[in-house]
Structure formats: structure tokens, C-alpha cells
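Per-entry structural report
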Amino acid sequence: MEHDCVSDLCKNDEYEINDVCYQCNDKFEYCSLCSSKECYCCNNTEKLILSNSKCISVGEIIPNCLTHKNNSCEECSNGYYVLNGECTECKIDHCLKCSKDGDKCEECSEGFFLNSTSKECVSCTIYGCEECNKENGKCISCLSGLYLMNDKCVTCQERIENCFVCSGDIKQ
């Protein structure tokens, strides 16, 4: 594609006025090919879309879209999947990454783990658990004042009889 901004004097990401070269990016943010009047091409064509001579984030045109090709979304934000070039919310609650049809979860949000059979996100409900393993639901860290023992959170006294001050988790 040939534009009036291409000259023998200036580089591709510059435009010329009276034999002086100027950076496209100085006049048009994120622009890599331009004339003195308009932008023709954006720096990062996967994350930016050219609209009315401005390079804008693809997410402003296609909500929740991270990357696109030819104005059709190819990758969506967490919790969304691509459907007909747009981002559609996953059909499963608390799902960060879902299958291409949106009905099976591949990764759950914090505080939930993936049920390997149903492919749904299940809440980590272990008493005192701060963080569960996202794959099997077992507790991996406890709230302050509790200690991890056999995948459960226990008090110091439950951990070691007649002990009132503890430090660290019991190795399993």
C-alpha cells in the first residue's frame, strides 16, 4: 500500500514537511506509518486498531479483547472466550479460562478449584484455609494463627498437645 508519507528522505515511521523528518509517534500516538495529516498503521497491530486516524486499544472497540486480527478478536481477557470474533463471558461461574465453546472451565479464579469431572469451579471450603490448590482443592496455606496439618488448618494446640506457641507447618 503506497501513501504520500513515504519519501526518500525519511524513514518508514517518519513523515516529511519541508525536507524535515518528524516521528509519526510524536504526532499520532502508537502510529508507525503516517503523513502529516493522518496515521495509516499502528505499532502493535495485534493490540491496537486504527480508527479515524488514531491507534486505540482493541478492548475499546471489542470489549474484553486482548488481541485481534482484521478487527476480529483472537484472545479475550480472563473470564471470556472468543465467539464469532467477539468476547463472550464464560458460562461457568468463577472461571478464568474456559473452553472454546465456553461450557467447560480450564482454570478457576482465586479461592476456587477445578472439579476434574464436571469442569466447574468449586469453592475452597476448608476451615481457615487461605489458599486451596486449584487442581485438587486441598489446602496449601492457612490464615494467620492456624497451621497446615494433613491438608487441614489447625490451631497450635490441635497440632501439638499442650503447645501454645507454634511456627511453620507440619511437613507431610
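Anything mentioned here points back to the structure above.
Residues numbered from 1 in each chain as written. Predicted model: local features only at pLDDT ≥ 70, side-chain atom pairs only at ≥ 80, totals over all residues. Heavy atoms only, no water.

**Here we look at the state of the cysteines**
Put simply, the rule reads: Any pair of cysteine sulfurs within 2.5 Å is marked as a disulfide. Three labels apply to residues, based on accessible area from a 1.4 Å probe with only protein chains included: buried if under 20% of the type maximum, exposed if over 50%, partly exposed otherwise in between.
Evaluation of the coordinates by the stated rule reveals 12 disulfides. The residue that forms a disulfide with Cys-90 is Cys-98, at a sulfur-sulfur distance of 2.1 Å. Across the S-S bond of Cys-90 and Cys-98 the torsion is about -80°, and the bridge reads as left-handed. One exposure class covers both Cys-90 and Cys-98, and it is buried. No disulfide involves Cys-41; its sulfur sits 6.4 Å from the nearest other cysteine sulfur, which is in Cys-42.

**Concerning the pairing of strand 15 (residues 129-132)**
Side-chain positions along a regular strand alternate between the two faces of the sheet. Short version of the rule: For two strands to pair, DSSP has to find at least two bridges joining them. Helix and strand definitions here come from DSSP, where helices need a minimum of 4 consecutive H or I residues and strands a minimum of 2 consecutive E residues; each element is numbered from the N-terminal end.
Direction of pairing for strand 15 relative to strand 16 (residues 139-142): antiparallel, over a ladder of three bridges. Following the sheet pairing, Cys-129 is matched in strand 16 by Cys-142. Two successive antiparallel strands, strand 15 and strand 16, enclose a turn made up of six residues, where Gly-137 displays a positive phi of approximately 80°.

**What about the nonpolar core?**
Cut-off, in case you're wondering: The term nonpolar core refers to a set of buried residues drawn from Ala, Val, Leu, Ile, Met, Phe, Trp, Tyr and Cys, joined through side-chain atoms within 4.5 Å. Contacts are assigned to residue pairs that have any heavy atoms within 4.5 Å of one another.
Counting 10 residues, the largest nonpolar core is built from Tyr-81, Cys-90, Ile-92, Cys-95, Cys-98, Cys-105, Cys-108, Phe-112, Leu-114 and Cys-121. Put simply, the parts of the chain that give this core at least two residues each are strand 11 (95-98), strand 12 (105-108) and strand 13 (112-114). Residues within four places of Phe-112 in sequence aside, it is in contact with His-94, Cys-121, Val-122, Ser-123, Cys-124 and Lys-134. With nine residues, the next largest nonpolar core counts Tyr-15, Cys-34, Cys-42 and Cys-55 among its residues.

**Some words on the pairing of strand 2 (residues 20-23)**
The pairing of strand 1 (residues 14-17) with strand 2 spans four bridges and is classified as antiparallel. Bridging across to strand 2, Glu-16 finds its partner in Cys-21. Counting the residues between successive antiparallel strands, the hairpin from strand 1 to strand 2 contains two residues, one of them, Asn-18, with a positive phi of roughly 50°.

**Concerning the layout of surface pockets**
Operational definition: A cavity here means a set of points on a 1 Å grid, drawn over the protein atoms and nothing else, where a 1.4 Å probe fits but cannot get out; a pocket is an open set with protein on both sides within 12 Å along at least five of seven lines, and a residue lines either one if it has an atom within 4 Å of a point. Grid points are joined across faces, edges and corners, and a volume is the space filled by probe spheres set on the points. Residues are grouped as follows: nonpolar covers Ala, Val, Leu, Ile, Met, Phe, Trp, Tyr, Cys and Pro; charged covers Asp, Glu, Lys and Arg; every other residue, Gly included, is treated as polar.
There is about 260 Å³ of room inside the largest pocket. Glu-75, Cys-76, Tyr-80, Tyr-81 and Cys-98 are the residues nearest the centre of the largest pocket, which is lined by 14 residues in total. When contributions to the lining of the largest pocket are tallied by element, the ones reaching two or more residues are strand 8 (72-76), strand 9 (80-83) and strand 11. When the residues that make up the lining of the largest pocket are grouped by side-chain class, the tally is seven nonpolar, three polar and four charged.

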